[in-house]
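Here's the letter readout for the chains.
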Amino acid sequence: MANKRIYYAVQQVAIKGDQTGPWVTAHAVKGVQSVGMTTTFNLDQVFELGQLAIYENIEGIPDVEVTLTKVLDGRPLMWHMATQDNTTTSPTLAGRSNSKAYVGISIYNDTSNSAGADTNFGISEVEMSGMFVSSLAYNIPLEDNMTEDVTLVGNNKIWASDPRVAGGATVWSTASVRDIPGAFALNNDAPDGTGGVQRRENLVFTSGIPEMTGENGLFDDNGQVNNADQTVVPLEVFGVSSSGTNEAFNAHLSSITVSADLGREELFELGR
């Protein structure tokens, strides 16, 4: 007797804001390369004098973690999608630090060619609410694609429209209803913007702007060039100019990684 295969070729990741704002509708993340979910059930074992067996397993609040990796392809960044609700005050790390997001992952049938091509919704859908971005990183390697890595943490997770899950309301939809439609119905999605998926040849080190004029806001508070079309790297790198540029390519770089850890910590109160 032949073994049954377990094969889910198509999965879709969607993110939307946890509160009112431009991202109240779930938007599919484009260019996703990998996604991982981890749920940690925090159990505190209590023993008593007189026996070796556990007296009680005290269950704490579970920790849910989602890690996502996408290529830089001209599509919206996951960091922006996950931090755009009515608590966002500025485009800085601090200004977006209190934003929460919903994250949903849809799984489609093994006969589907794309998310939404054969059926608008997946056969199962995991939904997580109240997710905070805890870390993000941007990688510019020598021999591979440029990527964005984002980790989100929270405490709520449920599988919608899955017969193995007991009844009850889902996180962002009504009870037993999936509401993340497939965004790849035509099966012809492609990168957006100049150059497609970004690689080392797409990195712009110079913009032709005079480096030392210091006029019209060309320098930031650290004395480095402040221009969206010019790469600025730390002054500690040998060969980099005093304004952070690599105009003459004196710095021979093999990779660039920019990362931030937002250091989330849970707080509780007596009585609940």
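Note that the structure is predicted; figures quoted are calculated from it, not measured. (Residues numbered from 1 in each chain as written. Predicted model: local features only at pLDDT ≥ 70, side-chain atom pairs only at ≥ 80, totals over all residues. Heavy atoms only, no water.)

Student: Any chance you could break down the nonpolar core for me, citing the residues and the numbers?
Tutor: By size, the foremost hydrophobic cluster in this structure holds 29 residues, and its most contacted members are Ile-15, Met-128 and Leu-152. Listing elements by their share of this core, those giving two or more residues are strand 1 (11–17), strand 6 (63–71), helix 1 (78–82), strand 7 (101–107), strand 8 (124–140), strand 9 (147–154) and strand 11 (256–261). At seven residues, the largest contribution of residues to this core is made by strand 8. When residues no more than four places from it in sequence are discounted, the contact partners of Leu-152 are Val-64, Glu-65, Val-66, Leu-68, Ala-82, Val-103, Met-131, Phe-132, Val-133 and Ser-134. (Core = buried A, V, L, I, M, F, W, Y, C linked by side-chain atoms within 4.5 Å. Buried < 20%, exposed > 50% of the residue type's maximum accessible area, 1.4 Å probe, protein only. Helix = DSSP H or I, 4+ residues; strand = E, 2+ residues; numbered from the N terminus. Contact = heavy atoms within 4.5 Å.)

Student: Could you give an account of the confidence of the model for the protein chain, with specific residues and numbers?
Tutor: With 79% of its residues at a pLDDT of 70 or more, the protein chain shows a mean pLDDT of 81. This stretch, residues 211–216, has a pLDDT under 50; its non-local contacts, to residues over four places away or in other chains, come to eleven contacts. (pLDDT = per-residue confidence, 0-100.)

Student: So what about the packing of aromatic side chains? Which residues, and what values?
Tutor: The full count for this structure, using the stated rule, is zero aromatic pairs. A cation over a ring is seen here: Lys-16 above Tyr-102, with NZ or CZ 5.2 Å from the ring centre. Here the basic side chain of Lys-30 rests over the ring of Phe-184, its NZ or CZ set 5.2 Å away from the ring centre. (Phe/Tyr/Trp six-rings, centres within 6.5 Å; stacked < 30°, edge-to-face > 60°. Lys NZ or Arg CZ within 6 Å of the ring centre and 35° of its normal.)

Student: So, the environment of Asp-18: which residues are in play, and what are the values?
Tutor: Residue placement: Asp-18 occurs in the loop between strand 1 and strand 2 (27–28). Measuring from C-alpha to C-alpha, the distance between Asp-18 and Phe-132 comes to 9.9 Å, with 114 residues separating the pair along the chain. When sequence neighbours within four positions are dropped, the list of residues in contact with Asp-18 reads Asp-85, Lys-100, Ala-101, Tyr-102 and Gly-130.

Student: Break down unusual backbone geometry for me, with residues and values.
Tutor: Phi is positive for Asn-187, close to 60°, though the residue is something other than glycine. With respect to the element layout, Asn-187 can be found in the loop between strand 10 (156–160) and strand 11.

Student: An account of the pattern of salt bridges is needed here, citing residue identities and associated values.
Tutor: Counted under the stated rule, the structure contains four salt bridges. Lys-30 serves as the salt-bridge partner of Asp-189, at 3.3 Å between the closest nitrogen and oxygen. Placement of the pair is Asp-189 in the loop between strand 10 and strand 11 and Lys-30 in the loop between strand 2 and strand 3 (32–40), with a sequence separation of 159 residues. Classification of Asp-189 as partly exposed rests on a relative accessible area of 41%. Within the structure, one salt-bridge network assembled from shared partners comprises Lys-30, Arg-75 and Asp-189. (Salt bridge = Lys/Arg side-chain N within 4 Å of Asp/Glu carboxyl O.)

Student: Give a detailed account of the side chain of Ser-114, specifying residues and quantitative values.
Tutor: Relative to the assigned elements, Ser-114 resides in the loop between strand 7 and strand 8. In this structure the side chain of Ser-114 is engaged in a polar contact, spanning 2.6 Å, whose partner is the backbone oxygen of Phe-184. Setting aside anything within four residues of it in sequence, one finds Ser-114 in contact with Val-10, Tyr-108, Phe-184, Ala-185 and Asn-187. (Polar contact = N/O pair within 3.5 Å; in protein donor to acceptor, adjacent residues only side chain to side chain.)

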